[in-house]
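# Secondary and tertiary structure notes
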Amino acid sequence: MKGFELIFIAPRSRRHDGKPVLDTVAKLAKAQGITRMTRRDDIEGIGANGHTHSAHFFEATDEPQELMFVLDGGECDKLIRAVEEAELPVFCLRRQIDYWQFGAN
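No experiment lies behind these values; they were computed from the predicted model shown.

### Here we look at the overall build of the protein chain
Looking only at helices and strands, one finds two helices and eight strands in the protein chain. When the helices and strands of the protein chain are placed in sequence order, the string is β-β-β-α-β-β-β-β-α-β. Seen through its C-alpha atoms, the protein chain measures out along the principal axes to roughly 40 × 30 × 25 Å. When burial is assessed residue by residue, the protein chain has 33% of its 105 residues classed as buried. Counted over contacts in the protein chain with a minimum sequence separation of 6, partners at least 24 positions apart contribute 74%. Roughly 7100 Å² of accessible area belongs to the protein chain as shown, and the carbon and sulfur atoms make up 53% of that amount. Put simply, the protein chain has 14 plus and 17 minus side-chain charges, and the middle of one group is 5 Å from the middle of the other.

So this is what it looks like as structure tokens:
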């Protein structure tokens, strides 16, 4: 099948209205009926301002995280619009992909 991989990336410490920004993205997706996603913790990342974000022994809140979705074009555009309208401080990557679901759900 054809679709899009949509990844939102932010440090664990980034908040929007007092809540983790990626939790807010997940909530927006769920409100649109999107139930399938993957959250990953990354070891290190460098933001647009050149600041290094990483999980330190003493402080894990700056650890970069990713929230990944595999969506069709309409779902992808709708979620991007919702995140943009909510003015969430998050980096987003969208790329066209081929994907398959094997076996029983």
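### Some words on the packing of aromatic side chains
The final tally for this structure, using the stated rule, is one aromatic pair. Residues Phe 8 and Phe 69 carry aromatic rings whose centres are separated by 6.3 Å and whose planes lie at 80 degrees to one another, so their mutual orientation is edge-to-face. In this pair, Phe 8 sits in strand β1 (residues 2-11) while Phe 69 sits in strand β7 (residues 64-71), placing the two residues 61 residues apart along the sequence. Both residues of the pair, Phe 8 and Phe 69, count as buried. Seen from the ring of Phe 4, Arg 94 lies directly overhead, with NZ or CZ sitting 4.7 Å from the centre.

### A word on unusual backbone geometry
Notably, Asp 17 is not glycine yet its phi reads approximately 55 degrees, a positive angle. Here Asp 17 shows up in the loop between β2 (15-16) and β3 (19-20). In this structure, Glu 87 takes a positive phi of about 55 degrees despite not being glycine. Note on placement: Glu 87 falls in the loop between α2 (73-85) and β8 (91-98). Relative accessible area serves as the criterion here: at 66%, Glu 87 is assigned to the exposed category.

### A few points about the environment of Leu 71
With respect to the secondary-structure elements, Leu 71 resides in strand β7. Exposure remark for Leu 71: the relative accessible area of 2% places this residue in the buried category. Each C-alpha atom, one on Leu 71 and one on Glu 5, is 6.5 Å from the other, the two residues being 66 residues apart in sequence. Excluding anything up to four places from it in sequence, Leu 71 contacts Gly 3, Phe 4, Leu 6, Ile 34, Cys 76 and Leu 79.

The rules behind each value
- Residues numbered from 1 in each chain as written.
- Predicted model: local features only at pLDDT ≥ 70, side-chain atom pairs only at ≥ 80, totals over all residues.
- Heavy atoms only, no water.
- Helix = DSSP H or I, 4+ residues; strand = E, 2+ residues; numbered from the N terminus.
- Buried < 20%, exposed > 50% of the residue type's maximum accessible area, 1.4 Å probe, protein only.
- Contact = heavy atoms within 4.5 Å.
- Areas by Shrake-Rupley, 256 points an atom, 1.4 Å probe, with all protein chains shown as cover.
- Lys, Arg positive; Asp, Glu negative; His and termini not counted.
- Charge placed at Lys NZ, Arg CZ, Asp CG, Glu CD.
- Phe/Tyr/Trp six-rings, centres within 6.5 Å; stacked < 30°, edge-to-face > 60°.
- Lys NZ or Arg CZ within 6 Å of the ring centre and 35° of its normal.

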